[in-house]
Amino acid sequence: MKKLLNVILLILITSFSYGADLVDEIISRGTLRVGTTGDYKPFTYLDNGKYVGYDIAVAESIAKELGVKVEFVPTTWKNLLDDLNSDKYDIAMGGITRTTYRQTKAEMSSPYLIFGKCFLVRKGEKIKYTSIEDVNNPKVRVGVNIGGTNEKFADMYLKNAEIIRYENNLDVPLAVENGEVDVMVTETPEAIVYEKANNKLEGALVDKPLTKSQMGYLIKKDQIHLLNTVNFILEELEINGTTEKIRKIYLNTFSSL
């Protein structure tokens, strides 16, 4: 009898450890809470205090499909996972790279974009930075945002360069423009956006990026129903043409590698 009670107790504890079904909670609450950094064009950024970007528009579309409103919750790359697992939001969105580490700490949605690491430099200087070796030099100042995969890339492959770290990703392109750093470690979509918007900047290795990765959305670990629901909605948005319309607005200068 004691063994049976222990088994029942273990089952109950295990069931509660998975937490409430977030899909039911989101619908009951009437709000989808989306964590986003707001500092990564063209996926998530602030325009006159309002969040805009590809992933912001997708988040609004997901909320609409669920019949709820969307609430954007500010976070940072450094705290992205901690804030998610602390229940500050239901899903994290905004140019998030799918990595094995993130998958072990949370659930990652199906991928929606292929991209690669490259560099952002001052106009006319991309010919100086055509390889990792060109940048991995003590004379080269490299700017990265703290807590993201760009910082990890720099720490792994650019150990000989002078690495300068910024809390806000939006500050790094400005640092390149102003001559505070020579190179920003970035990704192909971001480099293209800044090259198009700012005639003082250009992307290096955009056509031949140093890596290949995919982007996805982060959901709290073990929330499989929400994960499956998000993936289902993403497929529906693709079929009905919604994501294609959003791509034309925010990713019209970029195509998958």
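Up top is the structure these notes are about.
Draft legend 1. Quick peek at the sheet that holds strand β3 (residues 44–47). One open sheet accounts for 3 strands, arranged β2-β3-β4; its pairing is antiparallel. Looking at which strands have only one partner, the edges of the open sheet turn out to be β2 (39–40) and β4 (50–52). Judged from the 2 bridges that link them, β2 and β3 form a sheet pairing that is antiparallel. Within β3, the residue paired with Asp39 across the bridge is Tyr45.

Draft legend 2. Here's a closer look at the pattern of salt bridges. Under the defined criterion, the tally for this structure stands at 14 salt bridges. Measuring nitrogen to oxygen at the nearest pair gives 2.9 Å for the salt bridge that ties Glu25 to Arg29. In this pair, Glu25 and Arg29 both sit in helix α2 (residues 22–29), 4 residues apart, roughly one turn of the helix. On the accessibility criterion, Arg29 (30% relative accessible area) is partly exposed. Among the salt bridges present, the one from Arg29 reaches Asp90, with a minimum N-O distance of 2.8 Å. One end of the pair, Arg29, is in helix α2; the other, Asp90, is in the loop between α4 (80–85) and β6 (91–97), and 61 residues separate them in sequence. Through salt bridges with shared partners, a single ionic network connects Glu25, Arg29, Arg33, Asp87 and Asp90.

Basis of the calculations
Residues numbered from 1 in each chain as written. Predicted model: local features only at pLDDT ≥ 70, side-chain atom pairs only at ≥ 80, totals over all residues. Heavy atoms only, no water. Pairing = 2+ DSSP bridges. Helix = DSSP H or I, 4+ residues; strand = E, 2+ residues; numbered from the N terminus. Salt bridge = Lys/Arg side-chain N within 4 Å of Asp/Glu carboxyl O. Buried < 20%, exposed > 50% of the residue type's maximum accessible area, 1.4 Å probe, protein only.

Limitation: the analysis is restricted to geometry and does not speak to function.
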